[in-house]
Amino acid sequence: METLTKTQAIQGGEFLIRETEARDVFIPEEFSEEQRMMAQATQDFIDKEITPNIARMDSMEPGFMPALLDKAGALGLLGISVPEAYGGLGMSFNTSMLIADVIGSAGSFSTAYGAHTGIGTLPILYYGTEEQQQQYLPKLASGEWKACYCLTEPDAGSDANSGKTKAVLSEDGQYYKITGQKMWISNAGFADLFIVFARIENDKNLTAFIVEKSFGGITMNEEEKKMGIKGSSTRQVFFNDTPVPVENMLSSRGNGFKIAVNILNIGRIKLGAGVIGGCKETVTHSVRYANERRQFGVAISSFGAIKQKLATMATRIYATESACYRAGQDIEDRIQSLIDSGMPEAEAKLKGVEQFAIECAIMKVHASEVLDYCVDEGVQIYGGMGFSAEAPMERAYRDARISRIYEGTNEINRILLVGMTIKRAVKGEIDLMGPAMAVGKELTSIPDLNGKDTTGLLAKEKGVLKNLKKAILMVAGKAVQDFGAQLNDEQEILMSIADMMIEVYAAESALLRTEKLISMRGETDCQQQINMAKLYLYMAVDKIQAKGKEAIVSFAKGDEQKVMMMGLKRFTKFDAYNVKELRRSVADYLIEKNVYAF
Ligand SMILES: Cc1cc2nc3c(=O)[nH]c(=O)nc-3n(C[C@H](O)[C@H](O)[C@H](O)COP(=O)(O)OP(=O)(O)OC[C@H]3O[C@@H](n4cnc5c(N)ncnc54)[C@H](O)[C@@H]3O)c2cc1C
């Protein structure tokens, strides 16, 4: 595998076949003073306005959520991604991720914020005409108007392009009359502006429209009674011959599904960042409770079983955070290089994100599942109090669950990320088949010394990672060879390959972050990060082994299966560490700091 140099632009999905240098990844420790100040201002807003008022928010006190959005707007938080020319702060992609991350600890507000600033505002920012942008963006950036996004319908969820909502041109050609039923619409209860997807005649693809509430013909069902994020408004919305001026079409006829997909790409990585705050908050609550709660005469944080949980939570957060901001910066760099080459800014932003759509899907799945893991273990650490609505874990547990469902379910994202990787390989955009064939040859040769270079800190781990990529190439390459286009029908195998890819991306990101951090701070100051990078790799190897096996036995037979299983064994060979000691060390650090401290 060749080593990526700084001069080579990284392509989305290429992490599978390339080695990346630590110096070429962005790590959260590199955020600037300005970015940190923005994050702190956001945290102060949450501490002052949201944390003491969670019960008011979650009981849906009338007007409470819109008032919170107004306050966020006054602080500039609704216009982070909106250019200054339209009343926003025009901040970078990774800054918007950082703010979403901090807001992730704010429960239902995080959904309302994401629906307004993400899927509600971005379609206009990226696809609107100059007039549309001037008309709507300043109102959305300030919070004067609240936005929502109406794609899902009762019979069109994951299959979003199958919606039945119709847009019919009026006889005078001035309006489209929109009629249809939308479902699960976040912010619907107080929105002034609706991004609506509807079909014109029998078009193959949907068309998007900007619909103002004042256009009329909009009714709603009562608020949904939900498991979690109870403070966020979620309603069914009915459009009954809603008249929408033709100039309110977004982009062109039939381009709506593309808009939906591209906006979802952004939504996915933002959701990835957006759950990190919740993950960290969960560890902080858990470690504080574990330090306070005494059983058998000691704090429960002194028990190995509790330390194991705390350390694993922190380690998984460390990896997902590393991967999220690595991908975020890759996107930002790509956007900048497209702008530098003369592409208009909005188009550059879309293309930049599209290039890393694989990583966006990876981050959506990984981060949402890390959050679920953390809240589940958080409840367990709290014991009976974890089950009580008096303590924070019960709400955190319920609020977390939605993240695996919206912005494309995790199943859909897994299918997509493998599908996109294979498509890019077939189109020649990333050379997957060359390395896959090389791995095939290696299978029948005498093992080389790859992965056995133990000189240098983390060198052994990087060797292991290199081999893990080979395991993926072996399994994915053979599956593509055997099934061709029919691989789409083998979802169980796609799921396994997706999990292997996700684990490699997360493990590599944690290793690269740690390596870079060591170069910045020295080894002594990075002991816990080293422990976590090692621990994550250990867990990733296990998972890749299990998922690889599951895939291989699902399609390979006879001698071929034997050779592949031997290959899997070779490529996942790993001299494991004393993980108990690694975990204890990480947990002891958390216990001492009494907070998520990385
Ligand atoms: C609280 C909340 C807020 C929401 N906010 C919004 C919003 O603001 N705007 C909006 O437009 N939508 C919103 N949604 C809708 C959300 O995006 C959808 O619920 C989601 O996309 C899944 O669609 P569905 O519920 O119809 O499930 P389905 O598509 O029916 O899926 C059910 C199950 O089948 C699986 N499945 C479906 N298709 C496949 C397939 N091809 N292969 C394998 N498995 C498959 C899914 O993974 C899932 O496990 C929201 C939903 C909720 C619950």
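Residues numbered from 1 in each chain as written. Predicted model: local features only at pLDDT ≥ 70, side-chain atom pairs only at ≥ 80, totals over all residues. Heavy atoms only, no water.

Undergrad: Describe in detail the overall build of the protein chain, supporting the description with residues and values.
TA: Within the protein chain one finds 19 helices and ten strands. Taking 25 Å as the expected radius of gyration for a compact globule of 598 residues, we find that the protein chain reaches 24 Å, a close match to that expectation. Seen through its C-alpha atoms, the protein chain measures out along the principal axes to roughly 75 × 60 × 45 Å. Looking at the protein chain as a whole, 59% of its 598 residues are labelled buried. Taking as baseline every contact in the protein chain between residues at least 6 positions apart, the subset at least 24 positions apart corresponds to 76%. Of the roughly 24300 Å² of accessible surface on the protein chain, 51% is carried by carbon and sulfur atoms. (Helix = DSSP H or I, 4+ residues; strand = E, 2+ residues; numbered from the N terminus. Rg over C-alpha atoms; globule rule 2.2 N^0.38 Å. Buried < 20%, exposed > 50% of the residue type's maximum accessible area, 1.4 Å probe, protein only. Contact = heavy atoms within 4.5 Å. Areas by Shrake-Rupley, 256 points an atom, 1.4 Å probe, with all protein chains shown as cover.)

Undergrad: Before we move on, can you summarise empty space enclosed by the protein with the specific residues and values?
TA: Taken as a whole and assessed by the stated rule, the structure comprises five cavities of 30 Å³ or more. Taken as a whole, the largest cavity spans an internal volume of roughly 90 Å³. Of all elements in the fold, only helix 15 (459-483) and helix 16 (491-521) reach the threshold of two or more residues within the lining of the largest cavity. Ranked by the residues each element gives to the lining of the largest cavity, the list is headed by helix 15, at four residues. Put simply, the second largest cavity is a space of about 70 Å³. Around the second largest cavity sit eleven residues that line it, and Ile10, Phe15, Thr20, Arg326 and Asp330 are the ones nearest its centre. Tallied by class, the residues present in the lining of the second largest cavity amount to five nonpolar, one polar and five charged. (1 Å grid on protein atoms, 1.4 Å probe; cavity = no way out; pocket = protein on both sides within 12 Å on 5 of 7 lines; lining within 4 Å. Points joined across faces, edges and corners; volume = space filled by probe spheres on them. Nonpolar A, V, L, I, M, F, W, Y, C, P; charged D, E, K, R; others polar.)

Undergrad: Before we move on, could you go through helix 15 and cite the residues and values that matter?
TA: The first and last C-alpha atoms of helix 15 sit 36 Å apart over 25 residues, in line with the 36 Å expected at 1.5 Å per residue. Judged by how many residues are buried, helix 15 sits mostly within the fold: 19 of 25 residues are covered. (Expected span 1.5 Å × (residues − 1).)

Undergrad: Account for the side chain of threonine 42, naming residues and giving values.
TA: Here threonine 42 shows up in helix 1 (residues 33-50). Dropping the residues within four chain positions of it, threonine 42 is found in contact with Leu77, Ile99, Val102 and Ile103.

Undergrad: Requested: an account of unusual backbone geometry, with residues and values cited.
TA: A positive phi angle, close to 55°, is found at aspartate 241, a residue other than glycine. Here aspartate 241 shows up in strand 7 (residues 234-245). We classify aspartate 241 as partly exposed; its relative accessible area is 47%. You will see that glutamate 407, though not glycine, has its phi angle at about 60°, which is positive. Here glutamate 407 shows up in the loop between helix 12 (392-400) and helix 13 (410-426).

Undergrad: Mind laying out the pairing of strand 2 (residues 166-169), listing which residues take part and the relevant values?
TA: Summarising the sheet, strand 2 and strand 3 (residues 175-186) pair through four bridges and their orientation is antiparallel. Bridging from a neighbouring strand, alanine 167 pairs with isoleucine 178 of strand 3. With two bridges joining them, strand 2 and strand 4 (residues 193-200) adopt parallel strand pairing. Considered in strand 4, the bridge of lysine 166 is made with arginine 199. (Pairing = 2+ DSSP bridges.)

Undergrad: Hey, could you go over the pattern of salt bridges for me, with residue numbers and the actual values?
TA: Opposite charge on two side chains permits them to pair, given that their charged atoms come into close proximity. Applying the stated criterion across every chain yields a total of 36 salt bridges. Glutamate 345 is paired through a salt bridge with lysine 349; the nearest N and O atoms lie 3.2 Å apart. Highlighted residues: glutamate 345 and lysine 349, both in helix 10 (residues 345-355), separated by four residues, approximately one helical turn. Take lysine 349: its relative accessible area is 14%, and that puts it in the buried class. Salt-bridge contacts for glutamate 515 lead to lysine 462; the nearest nitrogen and oxygen are separated by 2.8 Å. On the criterion of sequence distance, the pair formed by glutamate 515 in helix 16 and lysine 462 in helix 15 is long-range, its members being 53 residues apart. One network of salt bridges, in which partners are shared, links Glu29, Lys280, Glu321 and Arg513. (Salt bridge = Lys/Arg side-chain N within 4 Å of Asp/Glu carboxyl O.)

Undergrad: How would you sum up helix 7 (residues 130-142)? Please name residues and give values.
TA: An α-helical segment advances 3.6 residues per turn. Residues three or four places apart therefore align on the same side. Taking 1.5 Å as the rise per residue, helix 7 with 13 residues should run 18 Å; its terminal C-alpha atoms sit 18 Å apart, in good agreement. Helix geometry: helix 7 is bent most strongly at tyrosine 136, by close to 35°, with proline proline 138 lying one to four residues after it. Those residues of helix 7 not exposed but buried are Gln132, Gln133, Tyr136, Leu137, Leu140 and Ala141. One or two steps after helix 7, the chain reaches glycine 143, where phi turns positive at roughly 95°. (Bend = angle between axes of the 7 residues up to and from the residue.)

Undergrad: Tell me about the site of the ligand, residues and numbers included.
TA: Close to the ligand lie 19 residues, the nearest being Thr152, Ser158, Trp184, Thr409 and Glu411. Between tyrosine 149 and the ligand, the recorded distance is 2.8 Å, taken from a backbone N or O atom to a nitrogen atom. A distance of 2.7 Å separates a nitrogen atom of the ligand from a polar side-chain atom of threonine 152. Bound to the protein, the ligand loses 68% of the 970 Å² it would expose on its own. Those elements that provide at least two residues to the shell around the ligand are strand 3 and helix 13. Within the shell around the ligand, the residues separate by chemical class into eleven nonpolar, six polar and two charged. (Near = heavy atom within 4 Å. Polar contact = N/O pair within 3.5 Å; in protein donor to acceptor, adjacent residues only side chain to side chain.)

Undergrad: Can you explain the domain arrangement of the protein chain? Please cite residues and give values.
TA: Assigned domains of the protein chain: these are domain 1 (33-146) and domain 2 (425-593). With centres defined by C-alpha atoms, the gap from domain 1 to domain 2 works out at 38 Å. (Domains from an automatic or database assignment.)

Undergrad: Describe in detail the environment of serine 509, supporting the description with residues and values.
TA: In this structure, serine 509 sits in helix 16. For serine 509, a relative accessible area of 2% corresponds to the buried category. Distance in space between the C-alpha atoms of serine 509 and isoleucine 530 is 12 Å, their sequence separation being 21 residues. Setting aside chain neighbours within four positions, we find serine 509 in contact with Ser322, Ala323 and Arg326.

Undergrad: Run through the nonpolar core, naming residues and quoting values.
TA: In this structure, Phe109, Phe194, Phe209 and Val211 are the most contacted members of the largest nonpolar core, which totals 201 residues. The biggest single contributor to this core is helix 16, with 16 residues. Of the domains in this structure, domain 1 (33-146) and domain 2 (425-593) are the two that each give at least three residues to this core. With residues up to four places along the chain from it excluded, the contact list for phenylalanine 109 reads Phe45, Ile50, Met57, Met65, Leu68, Leu69, Ala72 and Ile103. (Core = buried A, V, L, I, M, F, W, Y, C linked by side-chain atoms within 4.5 Å.)

Undergrad: Give a detailed account of the packing of helix 4 (residues 93-103) against helix 8 (residues 256-292), specifying residues and quantitative values.
TA: Relative placement of two packed helices is described by the angle separating their axes and the distance separating the axes. Remark: helix 4 packs on helix 8, axes separated minimally by 7 Å, with the N-to-C direction vectors making an angle of 40°. Here helix 8 runs oblique to helix 4, going by the angle between their axes. In this structure, helix 4 meets helix 8 at a crossing whose hand is right-handed. Facing Phe93, Ser96, Met97, Ala100 and Asp101 of helix 4, the residues of helix 8 in contact are Ile266, Ile269, Lys270, Ala273, Gly274, Ile276, Gly277 and Lys280. For the contact of helix 4 with helix 8, the residue count by class is seven nonpolar, three polar and three charged. (Axes fitted to C-alpha atoms, helices over the stretch in contact; angles between N-to-C directions. Parallel < 35°, antiparallel > 145°, perpendicular 65-115°, else oblique. Left-handed = near helix turned anticlockwise from the far one by under 90°.)

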